[in-house]
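Understanding the architecture of this molecule
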Amino acid sequence: MNTKIIWSIILVLQLLLKVNSERVLDITKYGAKPDADISEALMKAWKDAIESTMASQILIPKGDWILSQAHMQGPNKAPITLEVEGNLKAYKEVEKLPVKTQEWVTFNYVNFLTISGGGVLDGQGQEAWLLNDCYKNTSCPKLPINLSLNFINNSIIQDITTKDSKYFHVNCISSNNVTFQRFTVSAPGNSPNTDGIHIARGNHINVIDSTIETGDDCVSMGDDLNDVLIKNVQCGPGHGISIGSLGRNVQEKDIKGITVQGCAFTGTQNGVRIKTWPSAPATLTMSDLHFIDLTMVNAGNPIVFDQKYCPNNQCDLSKPSLIQISNVEISNVRGTSATTDALSFICSEAKPCEDIRIGLIDLKTNGKTPTTKCENIKPIFSSTQSPRVCA
């Protein structure tokens with residue numbers, strides 16, 4: 001991965017968005033009023049924006065605004081900025097969602113989109129969390145996602161907060177050249193299934209200089225990903241940064257080129273984690289993975305490879321995972337572990353981990369001796385490790 005190329009793309013994109021002076025489409029000019037549902041006004045402004053050949057800015061001014069739901073569909077003819085200066089609030093009650101989908105604010109098939117403004121997307125999920133029994137019910141109803149991005153290209157989401165989503169905060173699916181910068185996720189550690197940013201089936205996705213506090217993974221990654229950079233992210237509370245879980249769908253595709261760099265994990269359930277299901281049909285590969293310059297602050301299980309992933313005994317352990325993990329760099333991981341299981345490399349018997357290069361590890365626990373677990377892996381060492389890895 002060439003970070004200079006990534007930043008060049010970002011710079012060109014930002015310049016392109018400013019080439020023409022933007023038309024400002026203030027939602028109050030379309031009938032929006034504070035403390036009333038602005039969905040109709042927002043969709044009218046969106047219609048004008050996607051039909052324009054000049055760059056447009058849809059402005060949601062400062063103040064409190066109620067939004068029942070917004071599905072913003074492309075394609076667009078020119079760059080569009082959604083400038084959220086105010087506080088957008090969803091209805092607390094799930095049944096008030098006009099269209100019963102798993103989405104609150106949605107963008108589909110849009111190019112050169114910017115979402116910014118310093119405002120808040122508030123999903124008001126506290127009541128919905130009480131309905132979430134997915135940990136024991138595999139047929140549980142899917143609750144709304146705060147921000148869903150599908151088939152989005154050459155876009156930036158920056159200086160915006162997503163708060164208390166009823167389910168995942170952000171989905172970014174089948175998208176290319178998308179950057180989350182100075183992005184904030186805010187939810188308590190006991191909010192169920194509130195992944196901060198979920199990424200899948202995309203290329204050149206960046207999450208940088210951001211803060212994610214939530215009740216599930218800070219960043220979770222699905223299949224068919226290429227060139228993902230997660231850099232300078234403050235994670236916690238949450239479950240850490242995860243690739244997977246993968247393996248249950250035979251159509252899943254390979255993952256290549258994931259870098260998690262310069263991130264801090266504070267009070268998280270895990271640090272960085274790879275999860276694959278045993279006795280599952282998928283045979284994809286995960287390769288060119290880099291976990292470097294990571295800080296653990298009382299984080300449980302700082303490094304985890306789990307190819308026997310089976311939460312709540314929902315699977316069959318009789319057959320090994322068929323997913324190959326290879327070409328992995330782990331280096332300069334420091335700090336404190338909340339558990340004695342500081343490092344866990346449980347690889348597949350059928351597809352042992354290959355070319356796992358481990359550099360400096362310096363992890364301590366509160367008065368106890370940290371340990372490592374190793375199965376079906378023969379690491380390559382380039383520095384010292386504390387605790388010793390696969391001794």
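Time to look at the overall build of the protein chain. Along the protein chain, the regular secondary structure elements total three helices and 29 strands. Relative to its length of 391 residues, the protein chain is compact, with a C-alpha radius of gyration of 21 Å against a globular reference of 21 Å. Principal-axis analysis of the C-alpha atoms gives the protein chain an extent of 70 × 45 × 40 Å. For the protein chain, the proportion of its 391 residues judged to be buried stands at 54%. When contacts within the protein chain are restricted to residue pairs at least 6 apart in sequence, long-range pairs at least 24 apart make up 76% of them. Looking at the protein chain as shown, the accessible area adds up to about 16,300 Å², and 49% of this sits on carbon and sulfur atoms.

Looking now at the environment of Ser 245. Locating Ser 245 in the fold gives a position in strand β17 (residues 241-246). The class of Ser 245 is partly exposed, set by a relative accessible area of 30%. Those residues within four positions of Ser 245 in sequence are excluded, and the remaining contacts are Lys 275, Trp 277 and Tyr 309. In terms of polar contacts, Ser 245 uses its side chain to reach the side chain of Trp 277, at 2.9 Å.

What follows deals with helix α2 (residues 39-51). The first and last C-alpha atoms of α2 sit 18 Å apart over 13 residues, in line with the 18 Å expected at 1.5 Å per residue. Every buried residue of α2 is listed here: Ser 39, Ala 41, Leu 42, Ala 45, Trp 46, Ala 49 and Ile 50. One face of α2 carries all of its buried residues, which in axial projection span an arc of 160°. The inward-facing, buried residues of α2 abut β1 (23-26), β2 (56-60), β4 (70-73), β5 (80-84) and β7 (103-111).

Quick look at the pairing of strand β11 (residues 170-173) now. Of the two faces of β11, the one holding Val 170 and Cys 172 and the one holding Asn 171 and Ile 173 are both buried throughout. As paired strands, strand β10 (residues 145-163) and β11 are joined by four bridges and run parallel to one another. What sits directly across from Ser 148, in β11, is Asn 171.

Ranked by size, the top nonpolar core spans 89 residues in total, and within it Phe 107, Phe 291 and Phe 305 carry the most contacts. Residues contacting Phe 107, with those up to four places away along its chain left out, are Trp 46, Met 72, Leu 82, Leu 113, Ile 115, Leu 147, Ser 148, Leu 149, Asn 150 and Ile 152. Among the nonpolar cores identified, the runner-up in size contains five residues, and Ala 128, Leu 143, Tyr 167 and Phe 168 belong to it.

What follows deals with the pattern of salt bridges. Two side chains with opposite charge may pair up if their charged atoms get near one another. According to the stated counting rule, one finds 13 salt bridges in the structure shown. When the shortest N-O distance is used, the salt bridge between Asp 122 and Lys 163 registers 4.0 Å. Residue Asp 122 is found in strand β9 (residues 120-122), and its partner Lys 163 is found in strand β10; the two are separated by 41 residues along the sequence. Taking relative accessible area as the criterion, Asp 122 reaches 7% and is therefore assigned buried. Each of the salt bridges in this network shares a partner with another, and the network as a whole consists of Asp 122, Lys 163 and Asp 164.

On inspection of all chains with the given rule, the structure shows six aromatic pairs. Ring centres of Phe 305 and Phe 345 lie 5.0 Å apart, and the angle between their planes is 75°; this geometry places the pair in the edge-to-face category. Note that Phe 305 is positioned in strand β22 (residues 303-306) and Phe 345 in strand β24 (residues 341-346), a separation of 40 residues in sequence. Overall, the relative accessible area of 2% leaves Phe 345 in the buried class.

The next subject is the state of the cysteines. Summed over all chains, the structure comprises four disulfides. Bridging Cys 310 to Cys 315, the disulfide has an S-S length of 2.1 Å. Residue Cys 315 is classed as partly exposed on the basis of its relative accessible area, which comes to 24%. With no disulfide of its own, Cys 172 lies closest to Cys 218 among cysteine sulfurs, the gap being 17 Å. Cysteine Cys 263 remains unbridged, with the sulfur of Cys 235 as its closest cysteine sulfur at 8.1 Å.

Tracing the sequence through the fold places Asp 216 in the loop between β14 (202-213) and β15 (219-221). With 49 residues separating them along the chain, Asp 216 and Tyr 167 place their C-alpha atoms 9.8 Å apart. Apart from residues lying up to four places away in sequence, Asp 216 is in contact with Ser 191, Asn 193, Thr 194, Asp 195, Gly 238, His 239 and Gly 240.

Conventions and cut-offs
Residues numbered from 1 in each chain as written. Predicted model: local features only at pLDDT ≥ 70, side-chain atom pairs only at ≥ 80, totals over all residues. Heavy atoms only, no water. Helix = DSSP H or I, 4+ residues; strand = E, 2+ residues; numbered from the N terminus. Rg over C-alpha atoms; globule rule 2.2 N^0.38 Å. Buried < 20%, exposed > 50% of the residue type's maximum accessible area, 1.4 Å probe, protein only. Contact = heavy atoms within 4.5 Å. Areas by Shrake-Rupley, 256 points an atom, 1.4 Å probe, with all protein chains shown as cover. Polar contact = N/O pair within 3.5 Å; in protein donor to acceptor, adjacent residues only side chain to side chain. Expected span 1.5 Å × (residues − 1). Arc of directions from axis to C-beta. Pairing = 2+ DSSP bridges. Core = buried A, V, L, I, M, F, W, Y, C linked by side-chain atoms within 4.5 Å. Salt bridge = Lys/Arg side-chain N within 4 Å of Asp/Glu carboxyl O. Phe/Tyr/Trp six-rings, centres within 6.5 Å; stacked < 30°, edge-to-face > 60°. Disulfide = S-S within 2.5 Å.

Note that all results are geometric; they support no functional claim without further evidence.
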